[in-house]
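Listed below, chain by chain, are the residues.
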Protein chains: 4
Amino acid sequence: MGNETQVFDDSVYGRSRVAESDELKQYYQDVENMGTKAFWTVANKIEPWEPRTLSAPMLWEYDKLRPLLIKATELVSPGDAGRRVLTLINDNLKESAAACGMLFSGIQITRPGEFTPAHRHVASALRFIMEGSGGYTIVNGHKMNLGARDFVITPNGTWHEHGVAEDGQTCIWQDGLDIPMANAFEANDYHVWPEEGKGQDQLHPTDFSPLTYSGSGVLMADTEWNEPYSPLFKYSWERTYEALQNAAKVNDGSPYDGILMNYTNPATGGPVMATMGAAMQMLRPGEHTKAHKHTGSIVYQVAKGSGYTVINGKRFNWKEKDIFCVPSWAWHEHCNGSGSEDACLFQFNDLPTIKKLGYYQERVYTENNGHQKIEQ
Amino acid sequence: MGNETQVFDDSVYGRSRVAESDELKQYYQDVENMGTKAFWTVANKIEPWEPRTLSAPMLWEYDKLRPLLIKATELVSPGDAGRRVLTLINDNLKESAAACGMLFSGIQITRPGEFTPAHRHVASALRFIMEGSGGYTIVNGHKMNLGARDFVITPNGTWHEHGVAEDGQTCIWQDGLDIPMANAFEANDYHVWPEEGKGQDQLHPTDFSPLTYSGSGVLMADTEWNEPYSPLFKYSWERTYEALQNAAKVNDGSPYDGILMNYTNPATGGPVMATMGAAMQMLRPGEHTKAHKHTGSIVYQVAKGSGYTVINGKRFNWKEKDIFCVPSWAWHEHCNGSGSEDACLFQFNDLPTIKKLGYYQERVYTENNGHQKIEQ
Amino acid sequence: MGNETQVFDDSVYGRSRVAESDELKQYYQDVENMGTKAFWTVANKIEPWEPRTLSAPMLWEYDKLRPLLIKATELVSPGDAGRRVLTLINDNLKESAAACGMLFSGIQITRPGEFTPAHRHVASALRFIMEGSGGYTIVNGHKMNLGARDFVITPNGTWHEHGVAEDGQTCIWQDGLDIPMANAFEANDYHVWPEEGKGQDQLHPTDFSPLTYSGSGVLMADTEWNEPYSPLFKYSWERTYEALQNAAKVNDGSPYDGILMNYTNPATGGPVMATMGAAMQMLRPGEHTKAHKHTGSIVYQVAKGSGYTVINGKRFNWKEKDIFCVPSWAWHEHCNGSGSEDACLFQFNDLPTIKKLGYYQERVYTENNGHQKIEQ
Amino acid sequence: MGNETQVFDDSVYGRSRVAESDELKQYYQDVENMGTKAFWTVANKIEPWEPRTLSAPMLWEYDKLRPLLIKATELVSPGDAGRRVLTLINDNLKESAAACGMLFSGIQITRPGEFTPAHRHVASALRFIMEGSGGYTIVNGHKMNLGARDFVITPNGTWHEHGVAEDGQTCIWQDGLDIPMANAFEANDYHVWPEEGKGQDQLHPTDFSPLTYSGSGVLMADTEWNEPYSPLFKYSWERTYEALQNAAKVNDGSPYDGILMNYTNPATGGPVMATMGAAMQMLRPGEHTKAHKHTGSIVYQVAKGSGYTVINGKRFNWKEKDIFCVPSWAWHEHCNGSGSEDACLFQFNDLPTIKKLGYYQERVYTENNGHQKIEQ
Ligand SMILES: [Fe+2]
Ligand SMILES: [Fe+2]
Ligand SMILES: [Fe+2]
Ligand SMILES: [Fe+2]
Ligand SMILES: [Fe+2]
Ligand SMILES: [Fe+2]
Ligand SMILES: [Fe+2]
Ligand SMILES: [Fe+2]
């Protein structure tokens, strides 16, 4: 039903189609003086026929950013910067410093022996590890060791800090937060750890959360978990990749996403945090998905392999550790560039919010066997 | 704990406090060229110490707007305007045409015999009736008659249209919608009724919904309701006011709000729609509440009586049918100006969203016995 | 699809149909000696083709019981009896003292100035008032005045006691409890109020709960209710009857029940207590419902009018204050005996439990235009 | 607070303590003739001070039952028996054929090439595999291969059948069902597969469910699961045991149960089926838990190791594959008999039901450092 060429006509009955007149011009001035505006002068703008995409599709190539990250380690310290992060800025969203929609993303680099100041905020955060060893996060007194392609959350309101062991190797990871969303709701905040220069004490054995909550199909019987986020804070790459491979043995997967698995809160089956979801998907060798579009903003990182994604007719080539985004209501299809290896895309998104608010809708691309024409 | 004079210091450990340098300036240029930004140059801005209020407190006086509404009936028809509405525009939110936060509000006027084109959209809508008789709404084939101070919803995705009977009197009501929120999520849309110039057929007896679902403490046994909004579409003033009065007999009420009752979905006990809540509160004769602030945006209409509200130290005097707003994280306290009559404030808000997203927080004003100093 | 004459054949493949033999007889003895039993010797009994009704349909006529209740007031005091109740005993359930299924019911009589000892128990209780004035209940410090046809709950674990004011008139009400269910789960208990001969203090203004929670479509904004039962403890006849009449204006109602409304927890829209539901239904003048059967046990009291109910082909004539029961999986249809007045049936049931456990199923009687043949 | 020696006195105020008299005897006869009973004559029986345990603690030793199972294979076929099962009968529950409380259990034996007739019923079933190879279950068209110590469910209303491959080895497993509960609610039923002598077709790839739903912390993104039971039908021993060992690295576990993990529905975090739960617990080398009691009935099977459980002062020695039960409100403590090996106990129980109905309570044994005195 969907196609690229649908035309909308604002002159039909039901749309605002008031003709201009001198009398109306005067009236518009009068109402503006009273803190109001004639609705019909803005109606068609604020009530578009279809969701209006504000964000630009973007690709950030890791090999171009990595030298700048290394350079940052020479210029600022985590103690002064708060966090040593390069923020990914969407071309259309410079004011809110968002990567896509109301999602923030950045790439953080930490050298051996460094650690960030402990803090907490209303915004929720997540991380996907790109490289390095000896990295760790402490969330509300829970210390977790981080390896490449692990996924870790530091939810809404939790104290957190990150670092790399003295004998580790420089760690780089992608951060994802709902900072622009929290600011749009005039709700974000920030608290520094009350003891200057110190961080949290470790309150639980290292990796308590993943060792306790990452069982398959089982949960500690005395689990009483009333927080709006997952008690499982770290999701290992090994288990996630194994799950994708197992599912691929018996599932065709989605025509639009291949084998796509959401990271979930094991205590509810729902998303890992209240505002943001995250997922890992596997494109099988040679897999080229069909295009669809839907509301919700998605930031991807290439966890494995290489290929390309077509977004609103424009092709974005990606390889491991590249980051790209698909804006709300933009057509998109993914293609694994290899005929022999699978490719995996990590993503985080605002879909839990979109769905809670009743804003989700989806449309399938029906022309040309589901594949967009690519702009030259 | 809260007070007006708290000072925040961005030079402490944990905040971004990197000193400028020529080398950094060059670096900032380099990273911007790659579609990124050094996080520490924006961190303190996008992670404020406390929620940052963007909206202005505003008061719209009904007696000043009413003549402009009457004038509009001479200038445009509902058929051309879509809806004949004066949109309430927050001084700080002209771009999004919002009244407060990400809430839209307007005042709509319909003359006898007029009706608006039927349509639907992802945004949810609600109405609070200000004056007139013979008004009606049709929601998904449900026709409901509307009287002064009735509250009615037209939720997310439902077909709706409004009108006034030939033998009625000009009706004026306040509209509330989440249009700015839906647009911020790049998700709003608009569909006109497929039959040009026609509207919905009535599929159920008039007032089916309120006659079926407004029982006290009882629900039809075969109610199967899986929609994310209330099956009760109209809440009558009589029953609402009676509930306030009954509760006042045995409750002290909230120190910040007097007797405050949320309109609820009787099938769940939750808010009437997925994104917005609504409530009616009664300030008893002479009642002057204490100040607090919290996240969430609220648009009020004075349903009954007169008095004033102090918002961030500024006094706003109100009387019946005036509309005002309290922005997120703004100190506010209400005062009933009468020592003998109660005053009632209708409100709609984004609190269901704020709470689902984990963004709610509240602070009590502790100085000066809970009362703000009023700016002269 | 359902009918009265379906025949089930236990000799088909899939049923247990092992022929007897001497060798098997010996084997059965051997396995019994080990605390076991050959499954196939009991399979067809414990896995019936359809739900097996254990309870008898019963009718208890109020005018026959009332004199015995009056007599009881001369024989025992509430202080000695605990509660002065005539328990309604199902002919097939004498061991568990149940009225129907695993539901207990009794009729309690209290004279002016009398009160029962305060106590609490895991079993939940509810009451429907039959006659008298000045009656009251105290539930967890909440005192509520009771009038004829009011419905009141004393949920699981709450302290409760009942009495009649000195200047009241002898009160009679029906009690309903899940005592047999709690005992079947080896879970019931009993606690007497710690102060001998004393009762609860009143902790809230009289009728706090109904004045606070019986609004139509509204709930106190600061309601935080985490109990598995309704915060509304008393449902007045006036409001319930008004709701039935309003619904009847715009609803055909159920072919099996006329206008049937469940008493609900206003904070959830669900049943009033965890184990038992209650409802009031109105049969319009001349209404004769069609027969159906379903799992779940129901105890009815005639709140208004007269008529009859046909249960598994047997006619039970009822008039105001009579009590009767419809067992699980028994065909039943109701008939209002009056062509000019409506008739109302109060009921309580175990349907919330039946549905939570996945045990609910229903079948419609299709022969003879939905009406059972009545045994002569 | 709990102890073994608490004495309850039925002569206190608040209990029924009516003295016998000739007049009352006549009265009791009169009321019985009306289908009623004087409540105070049964009150203390049906409202016990504490939950009244009806079931007997029992132990069924596998090595005594196994020869009888082998014998059964010579005496009856699955096609004639329905299922070739030895039902475990509680000494106190012969009428309902229950193993404990309202739980049914049996041991089923199937030889290579045999299969049971396909059928479905309202009662839910689960299985824990004891020995053999080549066993399989088909649940609603899902075929799953079963290995020793795997846990598998065949929920409420699903078509199911079991068998052993021609080239497999005789399989023995424990069945657990809620048949007595469904019958107590007059709700159980039975349907044979409509095609005589045939079974279900396989509708999905073998092991679709475990391969799709047993990921750790992830769920297929398009999972839409609205059934009241888990989409994961089989829980493998390997993953379950691994989860116990991981948790033991960082958890002390429960003083009453060691490391106890519930099998869960990954789509909700809740129990695997609506009426019954299941769990696996690990007692570490030398671990001897403290005694407690609670409502809810539990049937255990020893999955690994040996030791003993003390139930209401009586010691039950167990070794691998033995089955025993702990009745509701019976004191119990477990002891791993080995100082070097861990011991694992599988259990199924009615706790999801007990908790939904508000019937759960628990008491800790405080005397003697938490250990019961053992009867000689
Ligand atoms: Fe942070
Ligand atoms: Fe997509
Ligand atoms: Fe609209
Ligand atoms: Fe407020
Ligand atoms: Fe009681
Ligand atoms: Fe019925
Ligand atoms: Fe079965
Ligand atoms: Fe236990």
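Residues numbered from 1 in each chain as written. Chains lettered and ligands numbered in written order. Predicted model: local features only at pLDDT ≥ 70, side-chain atom pairs only at ≥ 80, totals over all residues. Heavy atoms only, no water.

Quick word on the overall build of chain A
Working step 1: A tally of helices and strands in chain A yields eight helices and 22 strands.
Working step 2: Counting every position in chain A, which comprises 376 residues, the buried fraction comes to 64%.
Working step 3: Sequence separation of 24 or more characterises 76% of the internal contacts of chain A that already satisfy a separation of 6 or more.
Working step 4: As displayed, chain A offers around 13,000 Å² of accessible surface, 47% of which is attributable to carbon and sulfur atoms.
Working step 5: Distance between charge centroids for chain A: 4 Å, based on 33 positive and 47 negative side chains. (Helix = DSSP H or I, 4+ residues; strand = E, 2+ residues; numbered from the N terminus. Buried < 20%, exposed > 50% of the residue type's maximum accessible area, 1.4 Å probe, protein only. Contact = heavy atoms within 4.5 Å. Areas by Shrake-Rupley, 256 points an atom, 1.4 Å probe, with all protein chains shown as cover. Lys, Arg positive; Asp, Glu negative; His and termini not counted. Charge placed at Lys NZ, Arg CZ, Asp CG, Glu CD.)

Looking at the relation of the copies chain C and chain D
Working step 1: Note on the copies: chain C fits chain D at an RMSD of 0.0 Å, the axial shift is 0.0 Å, and the rotation between them is 180°. Those values place the two copies in the arrangement expected of a two-fold rotation axis.
Working step 2: Mapped onto chain D, 99% of the interface residues of chain C again fall at the interface, so both copies present the same surface. (Least-squares fit on C-alpha atoms with pLDDT ≥ 70 in both.)

Let's talk about the UniProt feature "domain: Cupin type-2" (unreviewed entry) in chain A
Residue and element names in this part refer to chain A.
Working step 1: Listed under "domain: Cupin type-2" (unreviewed entry) in the UniProt record, and renumbered for this structure, are residues 109–173 and 280–338.
Working step 2: With 0% helix and 65% strand, residues 109–173 has its two end C-alpha atoms placed 7 Å apart.
Working step 3: Helix makes up 0% of residues 280–338 and strand 59%. Its end C-alpha atoms lie 18 Å apart. (UniProt positions renumbered as here; feature names shortened; annotations may be inferred.)

Some details on the packing of helix α3 (residues 62–75) of chain C against helix α1 (residues 22–32) of chain D
Working step 1: α1 of chain D packs onto α3 of chain C with a crossing angle of 160° between their chain directions and a minimal axis gap of 12 Å. One finds that α3 of chain C runs roughly antiparallel with respect to α1 of chain D. The two elements α3 of chain C and α1 of chain D meet at a crossing, and its hand is left-handed. Residues Leu68, Leu69, Lys71, Ala72 and Leu75 of chain C of α3 of chain C touch α1 of chain D, and the partners they reach there are Glu23, Leu24, Tyr27, Asp30 and Val31 of chain D.
Working step 2: The residue inventory of the contact of α3 of chain C with α1 of chain D, partitioned by class, reads seven nonpolar, no polar and three charged. (Axes fitted to C-alpha atoms, helices over the stretch in contact; angles between N-to-C directions. Parallel < 35°, antiparallel > 145°, perpendicular 65-115°, else oblique. Left-handed = near helix turned anticlockwise from the far one by under 90°. Nonpolar A, V, L, I, M, F, W, Y, C, P; charged D, E, K, R; others polar.)

Concerning the coordination of the iron ion (ligand 3)
Reference values for coordination geometry: four tetrahedral donors around a metal ideally subtend 109.5 degrees, six octahedral donors ideally subtend 90 or 180 degrees.
Working step 1: Protein ligation of the iron ion (ligand 3) involves His119 of chain B (NE2), His121 of chain B (NE2) and His160 of chain B (NE2), the donor distances falling in the range 2.1 Å.
Working step 2: Classification of His119 of chain B as buried rests on a relative accessible area of 0%. (Donors = N, O, S within 2.8 Å, 3.2 Å for Na, K, Ca; no water.)

Some thoughts on the sheet that holds strand β19 (residues 323–326) of chain A
Working step 1: In space, the seven strands of this open sheet follow the order β2(A)-β19(A)-β16(A)-β21(A)-β14(A)-β13(A)-β11(D), with antiparallel pairing throughout. Each edge of the open sheet is held by one strand with a lone partner, namely β2 (58–60) of chain A together with β11 (218–220) of chain D. Across the sheet, the mean angle separating the axes of adjacent strands is 25° when strand polarity is ignored.
Working step 2: The sheet contact formed by strand β16 (residues 298–304) of chain A and strand β21 (residues 343–349) of chain A spans six bridges and is antiparallel. The residue bridging Tyr300 of chain A from the neighbouring strand is Gln347 of chain A, located in β21 of chain A.
Working step 3: Set on the sheet, helix α7 (residues 237–250) of chain A makes contact with β13 (259–263), β14 (277–283), β16 and β21 of chain A together with β11 of chain D; between it and β14 of chain A the angle comes to about 55°. (Pairing = 2+ DSSP bridges.)

Here's the deal with the coordination of the iron ion (ligand 5)
Residue and element names in this part refer to chain C.
Working step 1: Only His119 (NE2), His121 (NE2) and His160 (NE2) from the protein coordinate the iron ion (ligand 5), and they sit 2.1 Å from it.
Working step 2: Along the chain, the residues that donate to the iron ion (ligand 5) are spaced as H-x1-H-x38-H. Here His119, found in strand β5 (residues 119–120), pairs with His160, found in strand β9 (residues 160–177); they are 41 residues apart in sequence, far enough to count as distant. Across the pair, exposure class does not vary: His119 and His160 are buried alike.

What about the sheet that holds strand β16 (residues 298–304) of chain B?
Strand pairing within a sheet occurs via backbone hydrogen bonds; the two strands may be parallel or antiparallel.
Working step 1: Reading across the sheet, the seven strands line up as β2(B)-β19(B)-β16(B)-β21(B)-β14(B)-β13(B)-β11(C) and stay open at both edges, with antiparallel pairing between neighbours. Every other strand in the sheet has two partners, leaving β2 (58–60) of chain B together with β11 (218–220) of chain C as the edge strands with one partner each. Averaged over all pairs of adjacent strands, the angle between strand axes in this sheet comes to 25°, irrespective of strand direction.
Working step 2: In terms of strand pairing, strand β14 (residues 277–283) of chain B meets strand β21 (residues 343–349) of chain B through seven bridges, oriented antiparallel. Across the sheet, residue Gly277 of chain B finds its bridge partner in β21 of chain B, namely Asn349 of chain B.
Working step 3: Against the sheet, helix α7 (residues 237–250) of chain B makes contact with β13 (259–263), β14, β16 and β21 of chain B together with β11 of chain C, and its axis sits at roughly 55° relative to β14 of chain B, the strand it touches most.

What about empty space enclosed by the protein?
Working step 1: Inspection of every chain in the model, using the stated rule, returns 12 cavities of 30 Å³ or more.
Working step 2: Quantified by volume, the largest cavity comes out at close to 150 Å³.
Working step 3: Around the largest cavity, the lining comprises 17 residues; the ones closest to its centre are Gly217 and Pro266 of chain B together with Gly215, Gly217 and Pro266 of chain C.
Working step 4: Elements supplying a minimum of two residues to the lining of the largest cavity: β11 (218–220) of chain B together with β11 of chain C.
Working step 5: In terms of residue class, the lining of the largest cavity is built from eight nonpolar, nine polar and no charged.
Working step 6: Computed from the structure, the second largest cavity encloses a volume of approximately 130 Å³.
Working step 7: Counting residues per element, the ones that place at least two in the lining of the second largest cavity are β11 (218–220) of chain A together with β11 of chain D.
Working step 8: Taken together, the residues that form the lining of the second largest cavity break down as seven nonpolar, seven polar and no charged. (1 Å grid on protein atoms, 1.4 Å probe; cavity = no way out; pocket = protein on both sides within 12 Å on 5 of 7 lines; lining within 4 Å. Points joined across faces, edges and corners; volume = space filled by probe spheres on them.)

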